[in-house]
Amino acid sequence: MELGRGLQSEHPGPNAVPVSNGWRMALIFSQPIKKIEVWRAKVLEMKTSADQMTYALKEMYFNKNLAKGDNLNPTTPPEQLIPIHQLKPIDESDTGFKMNIEYQVPKAIPYWCISLKFTKNISTRNFAIDKAKVTLPREATCDSFCLGPRPYNENLQANSSLRLEFNCNKAKLFEAAPNAFFVFHPDSAQCEDFDLPVPGPVGPQESTDAELIRKWENEFKMKLELQMERSVRGGWKITLKFSEPVAEISNLNIAKVAGKSKDRLTYYIENFPGQIQYANMKQCEKLKIEFGGKLAASSSNKPLTATASFERKEPEYAEVDPQMVCSP
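Here goes a summary of the coordinates provided. Since the structure is predicted, the reported quantities are computational estimates derived from the model, not experimental observations.

Moving on, we get to the pattern of salt bridges. As enumerated under the stated definition, the model contains 14 salt bridges in all. Two residues, lysine 221 and glutamate 290, come together in a salt bridge whose shortest N-O distance is 3.8 Å. Of this pair, lysine 221 sits in strand β16 (residues 219–227) while glutamate 290 sits in strand β21 (residues 286–295); the two residues are 69 residues apart in sequence, bridging distant segments of the chain. The class for glutamate 290 is partly exposed, based on a relative accessible area of 35%. Across the pair lysine 313 and glutamate 270 runs a salt bridge, and its minimum N-O distance is 3.2 Å. Taken together, the residues lysine 313 in the segment after β22 (306–312) and glutamate 270 in strand β20 (residues 266–271) connect sequence positions 43 residues apart. In this structure, a network of salt bridges that share partners links the residues Lys98, Glu102, Arg163 and Glu165.

A separate point is the nonpolar core. Counting residues in each nonpolar core, the largest one holds 28 residues, and the members touching the most others are Leu116, Phe118 and Phe166. Those elements that place two or more of their residues in this core are β8 (96–104), β9 (112–123), β10 (132–135), β11 (141–149), β12 (161–170) and β13 (180–186). With 27 residues, the next largest nonpolar core counts Phe220, Ala255, Phe291 and Leu295 among its residues.

Spatially, β15-β16-β21-β18 is the arrangement adopted by the 4 strands of the open sheet, whose pairing is antiparallel. Of all the strands in the sheet, just β15 (211–216) and β18 (246–250) have a single pairing partner and so form its edges. Mean inter-strand twist for the sheet, computed between neighbouring axes without regard to direction, equals 25°.

This brings us to the sheet that holds strand β5 (residues 54–58). Spatial ordering of the open sheet is given by β3-β5-β4, a layout of 3 strands whose pairing is antiparallel. At either margin of the open sheet sits one strand with a lone partner, and together these are β3 (24–28) and β4 (42–43). With 5 bridges connecting them, β3 and β5 associate as antiparallel partners. Opposite arginine 24, over in β5, you have lysine 58 as the bridge partner.

Our focus in this paragraph is the state of the cysteines. Throughout the structure, instances matching the rule amount to 2 disulfides. Residue cysteine 146 pairs covalently with cysteine 191 via a disulfide, S to S 2.0 Å. Handedness of the cysteine 146-cysteine 191 disulfide follows from its S-S torsion of about 80°: it is right-handed. Linking cysteine 146 in strand β11 with cysteine 191 in the loop between β13 and β14 (207–209), this pair joins segments that are 45 residues apart in sequence. For the protein, the bonded cysteines pair up as 1-2, 3-4 when numbered in the order they occur along the sequence. Unpaired in this structure, cysteine 113 has its nearest cysteine sulfur neighbour in cysteine 191, at a distance of 3.9 Å. Using a relative accessible area of 2% as the deciding quantity, one classes cysteine 113 as buried.

So, about the packing of aromatic side chains. Under the defined criterion, the tally for this structure stands at 11 aromatic pairs. Ring centres 4.9 Å apart and planes at 85° place the aromatic pair phenylalanine 127 and phenylalanine 145 in the edge-to-face group. Of this pair, phenylalanine 127 sits in the loop between β9 and β10 while phenylalanine 145 sits in strand β11, and the two are 18 residues apart along the sequence. Judged by relative accessible area, phenylalanine 127 falls into the buried class, the value being 3%. The structure contains a cluster of three or more aromatic residues connected by ring pairs, namely Phe97, Phe118, Phe127, Phe145 and Phe166. The residue whose ring lies beneath lysine 117 is phenylalanine 194, and the NZ or CZ to ring-centre distance is 5.8 Å.

About the criteria used
- Residues numbered from 1 in each chain as written.
- Predicted model: local features only at pLDDT ≥ 70, side-chain atom pairs only at ≥ 80, totals over all residues.
- Heavy atoms only, no water.
- Salt bridge = Lys/Arg side-chain N within 4 Å of Asp/Glu carboxyl O.
- Helix = DSSP H or I, 4+ residues; strand = E, 2+ residues; numbered from the N terminus.
- Buried < 20%, exposed > 50% of the residue type's maximum accessible area, 1.4 Å probe, protein only.
- Core = buried A, V, L, I, M, F, W, Y, C linked by side-chain atoms within 4.5 Å.
- Pairing = 2+ DSSP bridges.
- Axes fitted to C-alpha atoms, helices over the stretch in contact; angles between N-to-C directions.
- Disulfide = S-S within 2.5 Å.
- Phe/Tyr/Trp six-rings, centres within 6.5 Å; stacked < 30°, edge-to-face > 60°.
- Lys NZ or Arg CZ within 6 Å of the ring centre and 35° of its normal.

Below, the structure is given as structure tokens:
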């Protein structure tokens, strides 16, 4: 079926005989093809014909053995076949984080490797794992790594558990530690790249009204309290919208002023950069902020009010436990 200037094709049908230890396939086109993309097979670039009409394909690690009647469709996205396992940090500091891979081996295997992919680049400096060999790229930062066995754990018994604990350095200080995903490759010494799952939609952000504690002449003091409906990783920003122009706000206890609008009705504050304290918050945790301010000369004598809208700097790392009920 033609799609614009592209071409999409499917394998004609199920295999007539069983296939073990790999297979090859030739795609022969009726006209030269500049580039092809195949999800469930490798393209052997060296075997491409000079006229670009014949392309050679070979199996991938997860489909090298095919039973009679199996339908091999190279255009099916790999997410439908490759089991992808998610990892989350179990500990975090300003400069790094810790993760733990645990994999239950379903059957005995003589060799293995693991494709490990983070949701953002990490530093490759001093990245090592005691119970696995890490293939490090030349780049100072990277998001994808290949892990292989040590001599003493090449052979894994059926129903055994492979546990790999490791520490990583962040690519940027104080940023949120990434999540990661891994694919376990049994009976293989070659890692395969894979696409990360598409993140889910970002939920609504928290908001509240600031409380006026005291006001005298053109000065005032306010406080606000926000309860986290989801966790926070990597810092936050708050938009303060006042009912009257404000010349300045000061004496923030756990935040700094990041900017303001020209009409001085809106101020932007954020967590202190360079401090992981308050940058990461748990679900149901409360953020309490107090600040003082001075009204602008153009302000009226109407009662002063303000609303606060919370925003995560890295919302993709927010998590929510639906079983958790936050107390007021």
